[in-house]
Amino acid sequence: MGNIIEVKNVFFEYEKGINVLRDVSFVIKENTYNVIVGNNGCGKSTIAKLLCGIETFTKGEIKIDNLQLNKNNLSEIRTKTGIIFQNPDNQFVANSVKDDIIFGLENYNIDPLKMDKIIDEVAKLTKIENLLDRDPSSLSGGEKQRAALAATIALKPKIIILDESSSMLDPVSKRELKDLIVALKEKEKMTIISITHDAEETLLADQVILIDQGRVAFSGKREDYFALDDSKINFPNIIKLQKELNFKELIGDEAKLIDKLKGEGK
């Protein structure tokens, strides 16, 4: 697997001299599920905006699918990335979910004769077949996220970025969104980047990137992330339990932990 994103020594400041990101570097491989975590205000959502070209970094270098991210190729890079925000209401532009998907396809000059097939495919993938004629404003939080995802993946980006997309969802909708993310990676061969404060999501990640005060504090496999000895990190509950029980050899393996606990309970 090659690198689809390369971030090298990136700085970003909102005001002169006030750096939000400081010397940030990491790589993301294609067709992987990547979770970027960190405390509120650490700069992780700024990273999402930089990767989509919504904000412009102060210095450094970003490559998206082997293209240097700059004003000259910003339009092309935006065709490779799709972003879903915490509240997708501002992303809807039409009075029905179907028309919202069509709006995006028209902007990409997709043949109208091919649109129905595309809409049918993405509706099945995101399980919104019964929502296509609904007004997006009438949908629940989970339904809105799935509708926004459908409109995004209809444009066939290589990269999907979710910026705190599950933070306003109930537990059931949150689980459904996570399952959909995994399906997108596996079935559609997309690269997923999830910006989140949900520690449980790291259990699904191929790579975890921890941002602390505008810097990369860790970047690597989830197993190595879970093995970190840092009381300030908000690990998933199952990892916290394993650490408390000192089952270091089982870190990240829920099934083996359960077997271990059953055995000790006899």
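For clarity, every value in this text was computed on a predicted model and none was experimentally measured.

Caption draft 1: Fine view of the packing of aromatic side chains. Scanning the model with the defined rule gives three aromatic pairs in all. Ring centres of Y225 and F235 lie 5.4 Å apart, and the angle between their planes is 55°; this geometry places the pair in the tilted category. Taken together, the residues Y225 in helix 7 (residues 222–226) and F235 in the loop between helix 7 and helix 8 (237–244) connect sequence positions ten residues apart. Given the relative accessible area of 2%, Y225 is considered buried. Note that K59 overlies the ring of F11, its terminal NZ or CZ placed 4.7 Å from the centroid.

Caption draft 2: Summary view of the side chain of N34. Position of N34 among the secondary structure elements: in strand 3 (residues 33–37). Within the structure, the side chain of N34 is placed 2.8 Å from the side chain of Q207, a separation counted as a polar contact. Once residues lying within four places of it in the same chain are set aside, the contact partners of N34 are I28, T191, I192, I193, S194 and Q207.

Caption draft 3: Spotlight on the environment of F57. Along the chain, the position of F57 falls in the loop between helix 1 (44–51) and strand 4 (59–64). F57 gets classed as buried once you look at its relative accessible area, which sits at 16%. A sequence separation of 46 residues divides F57 from F11, and the C-alpha atoms of the two residues are 6.1 Å apart. Sequence-distant contacts of F57, that is, excluding residues within four places in its chain, are made with V10, F11, F12, L50, I62 and L69.

The rules behind each value
- Residues numbered from 1 in each chain as written.
- Predicted model: local features only at pLDDT ≥ 70, side-chain atom pairs only at ≥ 80, totals over all residues.
- Heavy atoms only, no water.
- Phe/Tyr/Trp six-rings, centres within 6.5 Å; stacked < 30°, edge-to-face > 60°.
- Helix = DSSP H or I, 4+ residues; strand = E, 2+ residues; numbered from the N terminus.
- Buried < 20%, exposed > 50% of the residue type's maximum accessible area, 1.4 Å probe, protein only.
- Lys NZ or Arg CZ within 6 Å of the ring centre and 35° of its normal.
- Polar contact = N/O pair within 3.5 Å; in protein donor to acceptor, adjacent residues only side chain to side chain.
- Contact = heavy atoms within 4.5 Å.

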